[in-house]
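Each chain is listed here by its residues.
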Amino acid sequence: MSDDHHASGSHMHDIEAHVRAVEEDLEYYRAKRLEPRIFFLARRGIVTLYDIIESGAEVKEPTVRPGGSLEERVRALEDALDEYVRSIGLVTFDLVKVDVVIEDTRKERGDYDDFFRIAKKHREGSLEERVGALERDIATYMRLLRAFTQAHFAKGLLDAGEVARRREQLAKPGVSHGPRIVARAWVDPDFKERLITRGRETVRELGIPPGRLGKLGVVENTDAVHNVVVCTLCSCYPHDLLGDTPWWYKHDSYKTRIIVDPRATLKEMFGLEIAREREIRVHDSTSDVRWMVIPRRPAGTQGMSEEQLAGLVTRDSLIGAGEPREP
């Protein structure tokens, strides 16, 4: 087992990890995604700072504090961060009627010149003080984002109806980023190494929000080791990255059998026969650490594009309950 299983008490055992993840992702998306876009458009007179101020007069600052326990407040922060990231995507990508060269965006956010790099905020104090600061900051950041979005509507750069439709689409479960992540890992060894050592941070390189989790654990299947994932507590699963949770993942028969005899369970439940010489490692997902598997790349796939490779990755292979499709 790769994780200790806690059967009692709070579901969120490592609140510090969740708070740190919110802090890192909030500042990343503000400083690397949103504000460079604001300055890019302002410098060119497309959406000026004055347009944003005017639009912001009618925008109310949201409140991000439901009360209750510290865990409940952190969960609310994760939900608010999810909405913030999703909303940034709606106002900075293909829905906006402004052509932006990727190279210009990289220059604007300081990838090549530290002079343009936007400083990230660091929060000090106790855990509860940092949570309070995050509640205030997310509300303020969201207010700026909403004013920026309203300015786009006023300028005719965004269609409110299309934004609403896309927002509804993005909120639906089932969108899976896992195949993209695996395909990149198959073709880029450096990316794969970073993914295994710093999973949650590394998926952002593909423009993918890591979702509501403290840590993303990533393991690789090899000729010597086969990895499989379970949640013995309930059904913790990185659904923001991998899509809908399989029904069997929630079932007690899988949870108990995969721990006791993983080799027989994989064969009987999924028809997946693991050679005796390969070690099987079972990883227990929790609310704090959720796991995904990089399956072995199928033979005969040299020369295939990342998009083609992603088409070979199945949901089950991302959990260790199956293999990728053959080309």
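Structure shown above.
Attention in this report is confined to the structure presented alongside it. (Residues numbered from 1 in each chain as written. Predicted model: local features only at pLDDT ≥ 70, side-chain atom pairs only at ≥ 80, totals over all residues. Heavy atoms only, no water.)

1. Details of the overall build of the protein
Part 1 of the reasoning: Counting secondary structure elements, the protein contains 13 helices and four strands.
Part 2 of the reasoning: At 22 Å, the protein has a C-alpha radius of gyration in line with the 20 Å of a compact globule built from 327 residues.
Part 3 of the reasoning: Once the C-alpha set of the protein is aligned to its principal axes, its extents read approximately 65 × 50 × 40 Å.
Part 4 of the reasoning: Burial analysis of the protein (327 residues in total) assigns 49% to the buried set.
Part 5 of the reasoning: Taking the contacts inside the protein whose residues are at least 6 apart along the sequence as the reference set, 75% of them involve residues at least 24 apart. (Helix = DSSP H or I, 4+ residues; strand = E, 2+ residues; numbered from the N terminus. Rg over C-alpha atoms; globule rule 2.2 N^0.38 Å. Buried < 20%, exposed > 50% of the residue type's maximum accessible area, 1.4 Å probe, protein only. Contact = heavy atoms within 4.5 Å.)

2. Quick notes on a nonpolar patch on the surface
Part 1 of the reasoning: Taken together, the side chains of Phe39, Leu49, Tyr50 and Ile53 make up a nonpolar region of the molecular surface, amounting to roughly 460 Å² of accessible area.
Part 2 of the reasoning: By the element assignment, Ile53 lies in helix α2 (residues 49-56).
Part 3 of the reasoning: Overall, the relative accessible area of 61% leaves Ile53 in the exposed class. (Patch = residues over 30% accessible without salt bridge, like charges linked within 9 Å, V, L, I, M, F, W, Y side chains within 5 Å. Areas by Shrake-Rupley, 256 points an atom, 1.4 Å probe, with all protein chains shown as cover. Salt bridge = Lys/Arg side-chain N within 4 Å of Asp/Glu carboxyl O.)

3. A word on the packing of helix α7 (residues 178-187) against helix α8 (residues 189-197)
Part 1 of the reasoning: α8 packs onto α7 with a crossing angle of 125 degrees between their chain directions and a minimal axis gap of 5 Å. With respect to α8, the element α7 is oriented oblique. Crossing of α7 over α8 shows left-handed handedness. Contacts between α7 and α8 involve Ile181, Arg184, Ala185 and Val187 from the former and Pro189, Phe191, Lys192 and Leu195 from the latter.
Part 2 of the reasoning: Along the lines of polarity and charge, the residues of the contact of α7 with α8 split into six nonpolar, no polar and two charged. (Axes fitted to C-alpha atoms, helices over the stretch in contact; angles between N-to-C directions. Parallel < 35°, antiparallel > 145°, perpendicular 65-115°, else oblique. Left-handed = near helix turned anticlockwise from the far one by under 90°. Nonpolar A, V, L, I, M, F, W, Y, C, P; charged D, E, K, R; others polar.)

4. Details of the pattern of salt bridges
Part 1 of the reasoning: Counted according to the given criterion, the structure contains 34 salt bridges.
Part 2 of the reasoning: A salt bridge links Arg123 to Asp137; its shortest N-O distance comes to 2.8 Å. Highlighted residues: Arg123 in the loop between α4 (102-108) and α5 (127-155) and Asp137 in helix α5, separated in sequence by 14 residues. With respect to class, Arg123 is no different from Asp137; both count as buried.
Part 3 of the reasoning: The partner of Glu201 in a salt bridge is Arg198, with the nearest N and O atoms 3.5 Å apart.

5. Digging into the nonpolar core
Part 1 of the reasoning: In terms of nonpolar packing, the biggest core is built from 43 residues, with Ile181, Leu195, Tyr249, Tyr254 and Met292 touching the most fellow members.
Part 2 of the reasoning: Look past the residues within four positions of Ile181 in its chain and what remains in contact with it is Phe191, Leu195, Val203, Leu206, Ile208, Leu241 and Met292.
Part 3 of the reasoning: Of all hydrophobic cores here, the second largest spans 38 residues; its members include Val22, Ile52, Val91 and Leu158. (Core = buried A, V, L, I, M, F, W, Y, C linked by side-chain atoms within 4.5 Å.)

6. Here's the deal with the packing of helix α1 (residues 15-43) against α5
Part 1 of the reasoning: Look at α1 against α5: their axes get within 11 Å of each other, and the N-to-C directions meet at 25 degrees. As far as their axial angle goes, α5 and α1 are roughly parallel. By crossing handedness, the relation of α1 to α5 is classed as left-handed.
Part 2 of the reasoning: Here the contact of α1 with α5 is built from residues that sort into 15 nonpolar, one polar and nine charged.

7. Examining the packing of aromatic side chains
Part 1 of the reasoning: The final tally for this structure, using the stated rule, is nine aromatic pairs.
Part 2 of the reasoning: Considering the side-chain rings of Tyr28 and Tyr29, the 5.1 Å spacing of their centres and the 80 degrees angle between planes classify their relative orientation as edge-to-face.
Part 3 of the reasoning: Residue class for Tyr28 comes out buried when judged on its relative accessible area of 11%.
Part 4 of the reasoning: Each ring, one from Phe115 and one from Phe116, has its centre 5.2 Å from the other, and the planes form 90 degrees; the classification is edge-to-face.
Part 5 of the reasoning: For Phe115, a relative accessible area of 69% gives the class exposed.
Part 6 of the reasoning: Overall, Phe116 belongs to the partly exposed group, its relative accessible area being 33%.
Part 7 of the reasoning: Aromatic rings pair up to connect Tyr237, Trp248, Tyr249, Tyr254 and Phe270 into one cluster.
Part 8 of the reasoning: In this structure, Arg44 packs its charged tip against the face of Phe40, placed 3.8 Å from the ring centre.
Part 9 of the reasoning: Here the guanidinium or amino end of Arg184 rests over the ring plane of Phe191, the centre of that ring lying 5.9 Å away. (Phe/Tyr/Trp six-rings, centres within 6.5 Å; stacked < 30°, edge-to-face > 60°. Lys NZ or Arg CZ within 6 Å of the ring centre and 35° of its normal.)

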